[in-house]
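Chain and residue survey
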There are 2 protein chains.
Amino acid sequence: MNNKNNETIDTPTYENGEKMYVATDCIIFGFDDGILKLLVFERRVKPKQGELSLIGSFVSPNENVTEAAQRVLKEITGLENIFMEELKCYSNIDRDEGARCLSIAQYALIRIGEYDKQLVEKHGAQWYEIGKLPKLVYDHDQMVEDALERLRTKSRFYPIGIELLPKQFTIPQLQKLYEVIHQKQLDPRNFRKKVLSLKLLIPLNKKDKTGSKKGAYLYKFDYKKYKKLEEKGFNFSIFK
Amino acid sequence: MNNKNNETIDTPTYENGEKMYVATDCIIFGFDDGILKLLVFERRVKPKQGELSLIGSFVSPNENVTEAAQRVLKEITGLENIFMEELKCYSNIDRDEGARCLSIAQYALIRIGEYDKQLVEKHGAQWYEIGKLPKLVYDHDQMVEDALERLRTKSRFYPIGIELLPKQFTIPQLQKLYEVIHQKQLDPRNFRKKVLSLKLLIPLNKKDKTGSKKGAYLYKFDYKKYKKLEEKGFNFSIFK
DNA sequence: TCAAAAGTGTTGCCGGTACACCCATGG
DNA sequence: CCATGGGTGTACCGGCAACACTTTTGA
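The shown structure was predicted, so the numbers you read here are calculated from the model rather than taken from an experiment.

Observations regarding the protein's contact with DNA strand C
Residues in close proximity to DNA strand C total 18 residues, the closest being A:Arg189, A:Arg192, A:Tyr217, B:Arg189 and B:Lys194. Close to the protein, within 4 Å, the atoms of DNA strand C are drawn from sugar and phosphate at a rate of 50%. One of the side-chain nitrogen or oxygen atoms of B:Lys193 is found 3.0 Å away from a base oxygen of DNA strand C. Within the backbone of B:Lys213, an N or O atom sits 3.5 Å from a sugar or linking oxygen of DNA strand C. Broken down by element, the surface near DNA strand C gets its largest block of residues, four residues, from helix α6 (residues 188-197) of chain B. Looking at the surface near DNA strand C, its residues break down into three nonpolar, four polar and eleven charged.

Put into structure tokens, the structure is as follows:
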């Protein structure tokens, strides 16, 4: 047993490390009338003035990464307590030409009717439809691609899609959301049957008439019941 | 449109950020004769000398986080090209009392027969059975818990469990692995039927006699075929 | 009155689950 | 020869997929 050969591992003293800048970037999804959108931000200052980027910030000494992302999100949209999840750490050495800087990307799902439009405008942020997104700065394109992939895989087994809909929503709306996320047409009869069989939608006996003349019944998601089921290993899967 | 109110967001100049130490820690799983194990490491130096911790390192200026983790893994086990995936970034401000330091945890799945025993011993690392694990330093307990959770959820839909078995394995071995990971007894007849129906195991027409007198047929996993299926949205799920 | 979307029901089939017996072999 | 684990077959049932028609109502 000899300590000298492996000092870099056995002795993680701080002199061995080099400090780095740590940022967080938010991939903010919204769903508006059948269209999946992303909130991006036009840089008003150098470097890369005028180019599009995700919304982000450095992580301050007095906060952890999650708190930093929540702070940014609130500053830009006015929203708190929204669905946000860590995506991945981006750490390539040349990802930011200015200095060694890594970013922990987080993706957020927001109800597009609820954000503060004035705040968003003030920060030069705009919604872009997924698929019509221009080039973003640095590795932000990659982040968006990865976030989309995560949204697809995760929404297959967890009801996170609900976070993109208004708190009261109709079954056709929910179906449309799944179709857009998964790029796949679904049979409305089977979709309805499947969704209702899960017994996780609470009928509100109210109709939403914006989508059709007949109107569609509104539901809300039974979060409490879902939480209980989830603990027992239940999976909210719409697809087989 | 006014630039002055939002400089902290619109102008991510490096003066606004504070640099931090960035580390990576590896949660290394192994599967040995029906038992799921973790490779942990006894610290030989201060601080926290003699206590148990995960294997980790600071991220150097000339490498990204993945490379750092691969470096550590090779230094300790001699292994390269093994399954490793980012788990989560741990960034609480007081997680390391010495300095502001965040860690990007990665979990790795290794074939327990293949690592370099001498190297492991030299670094003071040892295998512990999951569930009989003593307290680890800092937030490493939390990392292990999160990694286990990830292993459970991910192995439900992706064949990552295979990474823990020898390259040639038997169906009873595979079943045992699933049982241990998911803490659940499975019916051997149904398990076999299900696994074979996926057509992803290549029979080797050889028997492994270490487990029984009769011997069990050996198989290997068809990675190429799986890759193709995965691209089409196929899911390797053993459970419903 | 009609176009457009919402809502309802049936059937066949595949796959999951439950369950019992024979096989091979080393000791 | 027998204990131990490995391997095979069947029958039932529930859930998924495919598919056509009626309802509502604003324009």
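Examining the packing of helix α4 (residues 140-157) of chain A against helix α5 (residues 171-182) of chain A
All names here are of chain A. At a minimum axis separation of 9 Å, α4 and α5 run at an interaxial angle of 135 degrees. If you check the angle between α4 and α5, you find them oblique. Classified by chirality, the crossing of α5 by α4 is left-handed. Between α4, through Leu-151, Arg-152, Ser-155 and Arg-156, and α5, the contact on the second element is made entirely by Tyr-178, Ile-181 and His-182.

Topic: the side chain of B:Glu63
Along the chain, B:Glu63 turns up in the loop between β4 (55-58) and α2 (65-77). Looking at B:Glu63, the relative accessible area reads 6%, which means it is buried. When neighbours within four sequence positions are excluded, B:Glu63 is seen to be in contact with A:Ile93, A:Arg100, B:Phe58, B:Ala68 and B:Arg71.

With respect to the UniProt feature "domain: NrtR DNA-binding winged helix" (unreviewed entry) in chain A
Sites flagged by UniProt as "domain: NrtR DNA-binding winged helix" (unreviewed entry) map to residues 161-221 of chain A. The distance separating the terminal C-alpha atoms of residues 161-221 of chain A is 11 Å; by composition the span is 36% helix and 26% strand.

Things to note about the domain arrangement of chain A
Where the parts come together, the accessible area they lose is often given as the size of the interface. Residue and element names in this part refer to chain A. Domain boundaries in chain A define domain 1 (21-154) and domain 2 (161-231). Each of domain 1 and domain 2 has a C-alpha centre, and these two points are 27 Å apart. Interface area, domain 1 with domain 2, both sides summed: about 1,200 Å², of which 63% is carbon and sulfur. Looking at the side of domain 1 facing domain 2, the largest losses of area belong to Phe-31, Arg-111 and Arg-152, adding up to 56% of the total buried there. The tally of links between domain 1 and domain 2 comes to one salt bridge.

Section: the environment of A:Arg156
Of note, A:Arg156 is situated in helix α4. In contact with A:Arg156, not counting residues within four places along its chain, are A:His182, A:Phe236, A:Ser237, A:Ile238, A:Phe239, B:Gly233 and B:Asn235. At a separation of 3.0 Å, a polar atom in the side chain of A:Arg156 contacts the side chain of B:Asn235.

What about the protein's contact with DNA strand D?
Lining the immediate environment of DNA strand D, one finds 18 residues, of which A:Arg189, A:Lys194, B:Arg189, B:Arg192 and B:Lys214 sit closest. The sugar-phosphate share of atoms of DNA strand D within 4 Å of the protein amounts to 46%. One of the backbone N or O atoms of B:Gly215 is found 3.3 Å from a sugar or linking oxygen in DNA strand D. Among the secondary structure elements, those contributing two or more residues to the surface near DNA strand D are α6 (188-197) of chain A together with α6 and β10 (216-221) of chain B. A total of four residues in the surface near DNA strand D trace back to one element, the largest contributor, which is α6(A). Residue classes in the surface near DNA strand D are distributed as three nonpolar, four polar and eleven charged.

Scoring rules and cut-offs
Residues numbered from 1 in each chain as written. Chains lettered and ligands numbered in written order. Predicted model: local features only at pLDDT ≥ 70, side-chain atom pairs only at ≥ 80, totals over all residues. Heavy atoms only, no water. Near = heavy atom within 4 Å. Polar contact = N/O pair within 3.5 Å; in protein donor to acceptor, adjacent residues only side chain to side chain. Helix = DSSP H or I, 4+ residues; strand = E, 2+ residues; numbered from the N terminus. Nonpolar A, V, L, I, M, F, W, Y, C, P; charged D, E, K, R; others polar. Axes fitted to C-alpha atoms, helices over the stretch in contact; angles between N-to-C directions. Parallel < 35°, antiparallel > 145°, perpendicular 65-115°, else oblique. Left-handed = near helix turned anticlockwise from the far one by under 90°. Contact = heavy atoms within 4.5 Å. Buried < 20%, exposed > 50% of the residue type's maximum accessible area, 1.4 Å probe, protein only. UniProt positions renumbered as here; feature names shortened; annotations may be inferred. Domains from an automatic or database assignment. Buried area = accessible area lost by both parts, 1.4 Å probe. Salt bridge = Lys/Arg side-chain N within 4 Å of Asp/Glu carboxyl O.

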